[in-house]
Amino acid sequence: MGCASGCEGEPPEREGVLLAGLKDEVRVANMACVAVYNFAESEASPHRLSPIFADLARALLEANADPNAQKSEGVTALFCAAQKGFTDVARALVEDGRTEVDLANINGATPLYIAAYYGHDAVVQMLLQRGATVDRAQNDGMTPLYIAAQFGHDAVVQMLLLRGATVDQTNR
């Protein structure tokens, strides 16, 4: 299932070309996003790959990569990890202390929103524990609760409700 978030949609070969033109700091920080994209499209299980990508994220962070670096669409490494359900990577990024958990892409989608969209309950739980704003809406007004309910992600809906998500918030 595609998402106009910026992590999906570009073939890996083109993504590498796009990264080559970026400033070094941004290029280094986005290596993790490209790696997530490339391997997530493979046959390997995300649960087997998540610890490998977490090690990569930690190495990049130790090399002083900016965890909040954004591609032109506003996508960050945390957003990509949340989208793919890589809990270990998301945890490594937020444990760094510099990562902004509510940093949104150009559509206003946050890592919590995209994790709720795909039903990645472990990522949702971790982001909520790390202070993600439960009712932060996209530019069109859709909230994590709205999108989780729309796609039938019951466990995510329950987590969001327990954290005080507004049930009657309207979209635009």
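Refer to the structure presented above.
Each residue is numbered by its place in its chain's sequence as written, counting from 1. This being a predicted model, a pLDDT of at least 70 is required before a residue's local features are given, and a value of 80 or more before pairs of side-chain atoms are given or counted; all residues contribute to the totals for chains, interfaces and linings. Excluded from the side-chain calculation are hydrogens and water; included are all heavy atoms of the structure.

## Regarding the environment of Gly 164
The helix count covers DSSP runs of H or I at least four residues long, the strand count covers runs of E at least two residues long, and both are numbered beginning at the N terminus. By the element assignment, Gly 164 lies in the segment after α9 (154-162). Burial classification: accessible surface area is computed with a 1.4 Å probe over protein chains only, and a residue below 20% of its type maximum counts as buried, one above 50% as exposed, and the rest as partly exposed. Relative accessible area serves as the criterion here: at 48%, Gly 164 is assigned to the partly exposed category. Along the backbone, Gly 164 and Asp 135 are 29 residues apart, and their C-alpha atoms lie at a distance of 8.4 Å. Residues are treated as being in contact if the distance between any of their heavy atoms lies within 4.5 Å. In this structure Gly 164 touches Val 134 and Asp 135, once residues within four positions along its chain are discounted.

## Digging into the packing of helix α5 (residues 87-95) against helix α7 (residues 121-129)
Note on geometry: axes are lines fitted to C-alpha atoms, helical ones only across the stretch in contact, with angles between N-to-C directions running from 0 to 180 degrees. Relative to each other, α5 and α7 sit at 15 degrees, their axes nearing to 9 Å. Judged by the angle between their axes, α5 and α7 are roughly parallel. In terms of crossing hand, the pair formed by α5 and α7 is right-handed. Across the interface between the two elements, Thr 87, Ala 90, Arg 91 and Val 94 of α5 pack against Ala 122, Val 123 and Met 126 of α7. For this classification, the nonpolar set comprises Ala, Val, Leu, Ile, Met, Phe, Trp, Tyr, Cys and Pro, the charged set comprises Asp, Glu, Lys and Arg, and every other residue, Gly included, is treated as polar. When its residues are assigned to classes, the contact of α5 with α7 shows five nonpolar, one polar and one charged. Angular relationships are summarised with four words: roughly parallel below 35 degrees, roughly antiparallel beyond 145, roughly perpendicular across 65 to 115, and oblique for the angles in between. Left-handed describes a crossing in which the near helix is turned anticlockwise from the far one by less than a right angle; the clockwise case is right-handed.

## Some thoughts on the packing of aromatic side chains
Think of it this way: a Phe, Tyr or Trp ring, Trp meaning its six-membered ring, pairs with another when their centres are within 6.5 Å, and the plane angle makes it stacked under 30 degrees, edge-to-face over 60, tilted otherwise. With the rule as written, the count across this model stands at two aromatic pairs. Ring plane angle 65 degrees and centroid distance 4.7 Å describe the contact between Tyr 117 and Tyr 118, whose orientation is recorded as edge-to-face. Under the relative-accessibility criterion, Tyr 118 is labelled buried at 19%. Joined through ring pairs, the aromatic side chains of Tyr 117, Tyr 118 and Phe 151 make up one cluster.

## What about the pattern of salt bridges?
Where side chains of opposite charge bring their charged atoms close, a pairing between them can arise. Salt bridges are counted wherever a side-chain nitrogen of Lys or Arg sits within 4 Å of a carboxyl oxygen of Asp or Glu. Tallied over the entire structure, the rule returns three salt bridges. With its nearest N and O atoms 3.7 Å apart, the salt bridge here joins Arg 91 to Asp 88. Here Asp 88 and Arg 91 lie together in helix α5, a separation of three residues that amounts to about one turn. Ionic pairing is found between Arg 98 and Asp 96, a salt bridge with its closest N-O pair at 2.7 Å. Relative accessible area serves as the criterion here: at 32%, Arg 98 is assigned to the partly exposed category. Judged by relative accessible area, Asp 96 falls into the partly exposed class, the value being 28%.

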